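The chain contents come next:
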Amino acid sequence: MMNVRPSEARGHANHGWLDSHHTFSFASYFDPENMGFRSLRVINEDRVQSGEGFDTHPHRDMEIITYPLSGAIAHRDSTGGQGLLRAGEVQRMTAGTGVMHSEMNGSNEDVHFLQIWIIPEKKGLKPEYEQKFFPEKDRQGRWRVVASPDARDGSLTVHQDVLLSSTLLSPGEKAEYTLPKGRHAWVQIARGTGTLNGVALKAGDGVAVSDESSLVLTASEPLEALLFDLA
């Protein structure tokens, strides 16, 4: 069973410096039918103008994954972590008992990224963060795990029973995924167009998947996508 969440059905907030689309309920956008999927709570597609960003603000008891698509994000947090996050890199922050952080556009162009929130397996975790680079060649034409509960294959560690994978596909190229029995998936199209098991999808679309053992994503134009394998 596949349920498509179309790009145009998402919540939208344009603050001038920030243009944001919300797959699930977030901030002033509330949709009781779309509060998340399994432990996946937030997927926001954000575009932030040069010189702008999110000033220091708090988070608590959430696994936050930042996935840049273009540009660079300057990050600083109360654990002492700071740095620049560029396309190809992925960052995981465990907010746990509480963390203060800021995210600013660290480039001379608009920065385009996905911010993802996952409900952790338990509350009160120690705040921490990590960041890793995943080369395009490792994601081209295949699903590459970028976050997992056991840091498999050099992925980031996320404190929840979730496998997050990324792929890049050229036109006509396919990426196949076997979903174990009893598992669920969310597929998010970050860029491009294609089909998932024959269902047409475009950038910004998301798909909730249950009771499907095999997933085949095929690109009709250059495509980038994320797949969440969820308990």
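Conventions used here
- Residues numbered from 1 in each chain as written.
- Predicted model: local features only at pLDDT ≥ 70, side-chain atom pairs only at ≥ 80, totals over all residues.
- Heavy atoms only, no water.
- UniProt positions renumbered as here; feature names shortened; annotations may be inferred.
- Pairing = 2+ DSSP bridges.
- Helix = DSSP H or I, 4+ residues; strand = E, 2+ residues; numbered from the N terminus.
- Axes fitted to C-alpha atoms, helices over the stretch in contact; angles between N-to-C directions.
- Phe/Tyr/Trp six-rings, centres within 6.5 Å; stacked < 30°, edge-to-face > 60°.
- Buried < 20%, exposed > 50% of the residue type's maximum accessible area, 1.4 Å probe, protein only.
- Salt bridge = Lys/Arg side-chain N within 4 Å of Asp/Glu carboxyl O.
- Lys, Arg positive; Asp, Glu negative; His and termini not counted.
- Contact = heavy atoms within 4.5 Å.
- Core = buried A, V, L, I, M, F, W, Y, C linked by side-chain atoms within 4.5 Å.

By the naming in an unreviewed UniProt entry, the chain is Pirin family protein, taken from Corallococcus exiguus. Word for word, the UniProt comment on the chain under Sequence similarities (unreviewed entry) is "Belongs to the pirin family."

Student: Explain the sheet that holds strand β8 (residues 82–86) here, please?
Tutor: Think of a sheet as strands paired side by side through backbone hydrogen bonds, with each pair either parallel or antiparallel. Taken in spatial order, the 4 strands make up an open sheet running β5-β10-β7-β8, and their pairing is antiparallel. Of all strands in the sheet, those with a lone pairing partner are β5 (53–59) and β8, marking the two edges. Looking at each pair of strands side by side, their axes are set apart by 20° on average, direction ignored. As paired elements, strand β7 (residues 72–77) and strand β10 (residues 99–105) share 5 bridges and run antiparallel to each other. By the bridge assignment, Ala 74 is partnered in β10 with Met 104.

Student: For this particular structure, what's the right way to read the packing of aromatic side chains?
Tutor: Remark: the centre distance and the inter-plane angle together describe each pair of aromatic rings, the angle taken between the planes. Within this structure, the stated rule accounts for 5 aromatic pairs. When the centroid spacing of 5.4 Å and the interplanar angle of 75° are considered together, the rings of Trp 17 and Phe 54 count as edge-to-face. Placement of the pair is Trp 17 in the loop between β2 (11–14) and β3 (18–22) and Phe 54 in strand β5, with a sequence separation of 37 residues. On the accessibility criterion, Trp 17 (26% relative accessible area) is partly exposed. Here the aromatic cluster, defined as three or more aromatic residues joined through ring pairs, consists of Phe 24, Phe 37 and Trp 186.

Student: Hey, could you run me through the sheet that holds strand β22 (residues 223–230) in this one?
Tutor: The strand order across the open sheet built from 7 strands is β1-β20-β17-β22-β15-β13-β14, with neighbouring strands paired in mixed fashion. Edge positions in the open sheet fall to β1 (2–5) and β14 (156–157), since each of these has one partner strand only.

Student: Sorry, what's going on with unusual backbone geometry here?
Tutor: Trans peptide bonds make up the majority, and among non-glycine residues the majority have a negative phi. Phi at Ala 27 takes a positive value of approximately 55°, unusual for a residue other than glycine. Among the structural elements, Ala 27 can be located in the loop between β3 and β4 (40–48). For Ala 27, a relative accessible area of 70% corresponds to the exposed category. Positive phi outside glycine occurs at Asp 153, with the angle close to 55°.

Student: How should I be thinking about the pattern of salt bridges in this particular structure?
Tutor: When the charged atoms of two side chains with opposite charge come close together, those side chains can pair. Enumeration according to the criterion identifies 13 salt bridges in this entry. Among the ionic pairs, Arg 92 bridges to Glu 130, the shortest N-O distance being 2.8 Å. In this pair, Arg 92 sits in strand β9 (residues 89–94) while Glu 130 sits in strand β12 (residues 128–133), placing the two residues 38 residues apart along the sequence. On the accessibility criterion, Glu 130 (18% relative accessible area) is buried.

Student: Honestly, the side chain of Asp 46 in this entry has me stumped. Any pointers?
Tutor: Structurally, Asp 46 is set in strand β4. Here Asp 46 is buried and forms no salt bridge, its nearest opposite-charge partner Arg 47 lying at an N-O distance of 8.3 Å. Here Asp 46 is in contact with Leu 18, Asp 19, Ser 20, Phe 54, Val 111, His 112 and Phe 113, once residues within four sequence places are set aside.

Student: Is there a simple way to explain the nonpolar core in this structure?
Tutor: Among soluble globular proteins, nonpolar side chains are generally buried collectively. Counting 24 residues, the largest nonpolar core has Leu 40, Trp 186 and Phe 228 as its most contacted members. For this core, the secondary structure elements donating two or more residues are β4, β6 (63–70), β11 (111–118), β13 (144–148), β15 (162–169), β17 (184–191) and β22. Counting 19 residues, the second-largest nonpolar core is a separate cluster that includes Leu 179, Ala 185, Ile 189 and Ala 219.

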